[in-house]
Amino acid sequence: MAKLKPRVPVREQPVEERIHNFDSVPYGYNEEEAIAEAQRCIQCPNPTCETACPVNIKIKDMIHFIAQKQFKEAFLLTKEDDAFPACTGRVCPQEDQCEGACILVKTGQPISIGKLEGFAADWARKNGIKEEIKVPSTSKPKKAAVVGSGPAGLACAADLRKYGYEVTMFETLHQAGGVLEYGIPNFRLPKDIVEYELDALEESGVEIKLNHTVGQNIGFDELQEEYDAIFLGTGAGAPRFMGIEGEKLNGVYSANEFLIRANLMKASLFPDWDTPIMVGDKVGVIGAGNVAMDAARTALRLGAKEVSIIYRRKMDFSPARAEEYEHAKEEGIIFQELVNPVKIVGTDRGWVKGVEVVNMKLGDKDSSGRPRPIPVEGTEHIIEIDTVIEALGTMPNRLFLSKAPELKTDRKGIIITDENLMTSIPGVFAGGDAISGGATVILALGEGRRAAKAMHDYIEGK
Amino acid sequence: MSHKITRKMDLNSADFYVEVEAPLVAERFKAGNFTILRSNPQGERIPMSIMKAEDGKIAMFIKKLGKTSMELYKTLDTFENVIGPMGNPIDIKKYGNVVVASDLVCGHAENYAICEALSAVEGNHVISYQTYPTADEVYPDEVLADKVCDEYHLTTEDGSRGEEGHYIDLLEERLEKGEKIDVIFAGGALPNLQELGEMTKAYNVPTIVTVRQIMVDASGMCGACRVFIDGEMKLACIDGPMFDAHKVDWESALRRPNMFVEKETVATKLCKETGRC
Ligand SMILES: Cc1cc2nc3c(=O)[nH]c(=O)nc-3n(C[C@H](O)[C@H](O)[C@H](O)COP(=O)(O)OP(=O)(O)OC[C@H]3O[C@@H](n4cnc5c(N)ncnc54)[C@H](O)[C@@H]3O)c2cc1C
Ligand SMILES: Cc1cc2nc3c(=O)[nH]c(=O)nc-3n(C[C@H](O)[C@H](O)[C@H](O)COP(=O)(O)OP(=O)(O)OC[C@H]3O[C@@H](n4cnc5c(N)ncnc54)[C@H](O)[C@@H]3O)c2cc1C
Ligand code: SF4
Ligand code: SF4
Ligand code: FES
């Protein structure tokens, strides 16, 4: 067997430059690089990569097309299973999914499936190649409402339109896209990519009603009256706080507030844009998932001199994407592992001046399969920081739920659905973070599509 | 979609009146709701109380304070977004003797809206107090709450017009005399709302006040507007903005609105230099 070539590396913005801007860190493959990487794929008879992709993209054939320079075919093939390959190629935790299951993983050089997928989608965008959408013409089309414009809602709306529905999407913010717009920073997921998808959706005839909060300025009951089927893609956007002493001090943010200010409201462009953000010299981010990485790297780009990730386990157990962790390390983010905040301390003027932490040791595995962190008594000490960003995960959006009491949820507010993604209210379906409590973009996209199909079947009486 | 401003008028040296086309907000507004404004595509999302809603338009009282409000006062004739109604309306029902009190721009707007809503309920005797520092600062007659309540008190702190004193002191005198007040709704300066709560607690009068906090999304997703009520974290945008004054953690509620002062000062200065406001 010929010796396996190593992965074609992805060119990236140099560290010294990128920590001062919000532009994409990876440049992505060019045609030659993509072809070279695609040629490494050994075209397994039983492609394990595909079974590990949550939406079972036909990865093997996609790669084959790229290797043959048939980029258009590669793109259209991914589109069959993945509504937004340009996004998932960039944000999927590939090492746990497709790439983690690639047969070549044993060699330490699995195929860069995500980068290839992103390449094909970027190529299509740059060359004006779009999936052809044929909306069946019906004399009296059925009406569907989609609540929330995150990946779940977007994927659902796109497919409902293809089934011939008149689709109206409701979004509480003044910008559509959900976490893709307000949460994930531009340096990871450039906003022109998201906006391109939004334009395509509108072109296909989906009406997007911004500034419409279902349950607040438009009633859930009104939707139920007007629409034949409803999809709930309201996400899990409510921030969680640790609930420790000192959290009321100024200088404490939820990661959501910090990222909404920075991304959606463009606080990096303040004062040209109106929304301010205060970033101290020393920022501490509590948590170590994707959200924490995003907040930390955003703080750095907003001018913080020193940014620490404060994590109660070891980074080996962090749920963050491997690429983001690598990038964060390169950019100089400090990782304080095995410490847990017990209280935030402040100045006389009510501003954060530090966080008191206790050292942790790892015990037996807990329900998440990771070792349980246990505090080591008597090891309390203070980490000096002047800004605290809490990235502890989020909870389902309470506003909508409180106005839809008839909808069955679990104790945490996660909407309960059956195997067809239908909620306890007939004709009302749900997907994405609203039914998982927080997962991934690709799962949200997949569920959005699955729900669209189920809604169609339901309406057709199948 | 941009929203046309149909009327602007000075209220006093600091505050002005704005009327804007916002059919969705106007149609659904109930006393206690607020709106989120964005002045332009780069604009901040800022919360504003609504004084009244009529014919597809809403009216607001706005203080010339920072960038958005000044720009609006000086140069704008449209808003990029007028969003809402957001927040919870007050419970519009029979209370008996209701006092509605205010001493600052947002409070005055709410005063009007709440009086109008509650005096329409049979069995309520609605008493409005509006306190201004001095006669020159009293708003024009046409926007005062006297036409929408049963009993009206205009007060100035220096006594130059109406009754002399702040509404807190005047109310305390009434309570001291044993007068029965069933509920108080108040809005305006936060420190005064705290003081009002301390005063009415002694008399056991339910006191519901607007706890104004900085907001971003106003749909419960950022936590910027968190307030602590009886030790529990609540979000002013979706749980409020009105809360029981006796239960609010005032120390943090008073401090949080100052979190961005430094930056806002910069923005306002720049905006002035460039003539936008
Ligand atoms: C900072 C951050 C980084 C992340 N990084 C990654 C990553 O690298 N890879 C990955 O796979 N996943 C990542 N995730 C998770 C991923 O973004 C989510 O799982 C995904 O966005 C969920 O999609 P959704 O459509 O269910 O919800 P969301 O994207 O949350 O969208 C929900 C939308 O509904 C709107 N809404 C809510 N309530 C209402 C209402 N009542 N009326 C109208 N509209 C409403 C919200 O405003 C929002 O726009 C990240 C999440 C965050 C926050
Ligand atoms: C429910 C609610 C109702 C309100 N009603 C009114 C009203 O009827 N009339 C009115 O003039 N103002 C009202 N406000 C306050 C108003 O939102 C702020 O004054 C506004 O954001 C100022 O914007 P700016 O750009 O002009 O000033 P900025 O330059 O943004 O701010 C100037 C100063 O105002 C304070 N501030 C900023 N944002 C807020 C905020 N969201 N809440 C409280 N303080 C803030 C800060 O101390 C800041 O330093 C209300 C706020 C809330 C939460
Ligand atoms: S969608 Fe995600 S998991 Fe599936 S192939 Fe693409 S990058 Fe891999
Ligand atoms: S498992 Fe790896 S090598 Fe095999 S087909 Fe998939 S990407 Fe190619
Ligand atoms: S303004 Fe964001 S949670 Fe209230």
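Small disclaimer: the values here were computed from a predicted structure and weren't measured.

How each quantity is defined
Residues numbered from 1 in each chain as written. Chains lettered and ligands numbered in written order. Predicted model: local features only at pLDDT ≥ 70, side-chain atom pairs only at ≥ 80, totals over all residues. Heavy atoms only, no water. Helix = DSSP H or I, 4+ residues; strand = E, 2+ residues; numbered from the N terminus. Rg over C-alpha atoms; globule rule 2.2 N^0.38 Å. Buried < 20%, exposed > 50% of the residue type's maximum accessible area, 1.4 Å probe, protein only. Contact = heavy atoms within 4.5 Å. Areas by Shrake-Rupley, 256 points an atom, 1.4 Å probe, with all protein chains shown as cover. Lys, Arg positive; Asp, Glu negative; His and termini not counted. Charge placed at Lys NZ, Arg CZ, Asp CG, Glu CD. Near = heavy atom within 4 Å. Polar contact = N/O pair within 3.5 Å; in protein donor to acceptor, adjacent residues only side chain to side chain. Nonpolar A, V, L, I, M, F, W, Y, C, P; charged D, E, K, R; others polar. Domains from an automatic or database assignment. Buried area = accessible area lost by both parts, 1.4 Å probe. Salt bridge = Lys/Arg side-chain N within 4 Å of Asp/Glu carboxyl O. Disulfide = S-S within 2.5 Å. Pairing = 2+ DSSP bridges. Axes fitted to C-alpha atoms, helices over the stretch in contact; angles between N-to-C directions. Parallel < 35°, antiparallel > 145°, perpendicular 65-115°, else oblique. Patch = residues over 30% accessible without salt bridge, like charges linked within 9 Å, V, L, I, M, F, W, Y side chains within 5 Å. Phe/Tyr/Trp six-rings, centres within 6.5 Å; stacked < 30°, edge-to-face > 60°.

## Here we look at the overall build of chain A
Counting secondary structure elements, chain A contains 18 helices and 16 strands. Whereas a compact globule of 462 residues would reach a radius of gyration of roughly 23 Å, chain A reaches 23 Å, a difference of no more than 12%. Expressed along its principal axes, the backbone C-alpha trace of chain A runs to roughly 70 × 65 × 50 Å. With 462 residues in all, chain A has 58% of them scored as buried. Taking the contacts inside chain A whose residues are at least 6 apart along the sequence as the reference set, 68% of them involve residues at least 24 apart. Within the structure as shown, chain A displays about 19,300 Å² of accessible surface, and the carbon and sulfur contribution to it stands at 50%. Positive and negative side-chain charges of chain A, numbering 55 and 69 respectively, have mean locations separated by a distance of 3 Å.

## Here we look at the site of ligand 2
All names here are of chain B. Close to ligand 2 lie 25 residues; P47, F61, K63, S69 and E264 are nearest. The backbone of P47 places a nitrogen or oxygen atom 2.6 Å from an oxygen atom of ligand 2. Starting from 840 Å² of accessible surface for ligand 2 in isolation, the protein chains cover 92%. Those elements giving two or more residues to the shell around ligand 2 turn out to be β4 (46–49), β6 (57–63), α2 (67–74), α3 (105–119) and α8 (261–273). If one sorts the elements of the shell around ligand 2 by residue count, β4 sits on top with 4 residues. Its residues assigned to classes, the shell around ligand 2 shows 13 nonpolar, 7 polar and 5 charged. Residue assignment places the shell around ligand 2 across two domains, with domain 1 (3–86) and domain 2 (97–257) each supplying three or more.

## Points about the interface of chain B and chain A
Across the contact, 49 residues belong to chain B and 45 residues belong to chain A. Of the roughly 3,900 Å² buried between chain B and chain A on both sides combined, carbon and sulfur atoms contribute 57%. A per-residue breakdown of the area chain B buries against chain A is headed by M221, R255 and M259 of chain B, which together make up 18% of the total. At the boundary of chain B and chain A, one finds 4 salt bridges. In this structure, R28 of chain B and E222 of chain A form a salt bridge, with 2.8 Å as the shortest nitrogen-oxygen distance. Taken together, chain B and chain A are joined by 17 residue pairs in polar contact (both at pLDDT 80 or more). Mapped onto the side of chain B that touches chain A, the elements with two or more residues apiece are α1 (23–28), α2, β8 (81–86), β15 (226–229), β16 (232–235), α6 (236–239), α7 (250–255) and α8 of chain B. Grouping the constituent residues of the side of chain B that touches chain A by class yields 18 nonpolar, 15 polar and 16 charged.

## Examining the domain arrangement of chain A
Residue and element names in this part refer to chain A. Entries for chain A in the domain assignment read domain 1 (15–126), domain 2 (143–237 + 395–459) and domain 3 (241–392). Each side of the interface is counted separately: domain 1 has 14 residues, and domain 3 has 13 residues. In total, about 1,100 Å² of surface goes out of reach between domain 1 and domain 3, with carbon and sulfur atoms giving 50% of it. Ranking the residues of domain 1 by area buried against domain 3 places R18, I19 and F22 at the top, with a combined share of 48%. With a shortest N-O distance of 2.7 Å, E330 and R18 are connected by a salt bridge. Counting across the domain 1 and domain 3 interface gives 11 residue pairs in polar contact (both at pLDDT 80 or more). Sorting the residues of the side of domain 1 that touches domain 3 by element identifies α1 (15–18) and α6 (85–91) as the ones contributing at least two each. Its residues assigned to classes, the side of domain 1 that touches domain 3 shows 8 nonpolar, 2 polar and 4 charged.

## Comments concerning the state of the cysteines
Cysteine pairs can be linked by a disulfide, which is a covalent bond between their two sulfur atoms. One pass over the structure, following the stated rule, counts 0 disulfides over all chains. No disulfide involves C115 of chain B; its nearest neighbouring cysteine sulfur is the one of C149 of chain B, lying 5.0 Å away.

## Some words on the pairing of strand β1 (residues 3–10) of chain B
Residue and element names in this part refer to chain B. In this structure, β1 lies alongside strand β7 (residues 78–79), joined through 2 bridges in antiparallel fashion. Pairing of H3 across the sheet is with F79, part of β7. Note that β1 and strand β2 (residues 15–21) share 5 bridges and pair antiparallel. Note that in β2 the partner of M9 across the bridge is Y17. Taken together, β1 and the strand that follows it, β2, pair antiparallel across an intervening segment of 4 residues.

## Points about the packing of helix α4 (residues 167–176) of chain B against helix α5 (residues 190–203) of chain B
Residues and elements named next belong to chain B. For the pair α4 and α5, the least separation of the axes is 10 Å and the interaxial angle reads 5 degrees. Taken together, the axes of α4 and α5 are roughly parallel relative to one another. Across the interface between the two elements, Y167, I168, L171, E172, L175 and E176 of α4 pack against N192, L193, E195, L196, M199 and Y203 of α5.

## Side note on a negative patch on the surface
Residues and elements named next belong to chain B. On the surface, D136, E157, D158, E164, D169, E172, E173, E176, E195 and E198 cluster together into a patch of negative charge. Elements with a contribution of two residues or more to the negative patch: α4 and α5. With 4 residues, the top contributor of residues to the negative patch is α4. In this fold, D136 is placed in the loop between β10 (125–132) and β11 (151–156). Residue class for D136 comes out exposed when judged on its relative accessible area of 67%.

## Examining the packing of aromatic side chains
All names here are of chain A. With the rule as written, the count across this model stands at 14 aromatic pairs over all chains. Measuring from centroid to centroid gives 5.0 Å for Y325 and F335, while their planes differ by 85 degrees, and the two rings are edge-to-face. Separated by 10 residues along the polypeptide, Y325 in helix α15 (residues 322–330) and F335 in strand β9 (residues 334–336) bring together distant segments of the chain. In this structure F335 comes out as buried when scored by relative accessible area, which is 19%.

## Observations regarding the sheet that holds β7 of chain B
All names here are of chain B. Spatially, β5-β6-β2-β1-β7 is the arrangement adopted by the 5 strands of the open sheet, whose pairing is antiparallel. Two strands bound the open sheet, and with one partner strand each, they are β5 (52–54) and β7. The pairing of β2 with β6 spans 7 bridges and is antiparallel. The partner of Y17 across the bridge, within β6, is F61. Its contacts with the sheet put α2 on β1, β2, β6 and β7, and the angle it makes with β1 is roughly 85 degrees. Contacting β2, β5 and β6, α3 runs over the sheet at an angle of about 145 degrees to β6.

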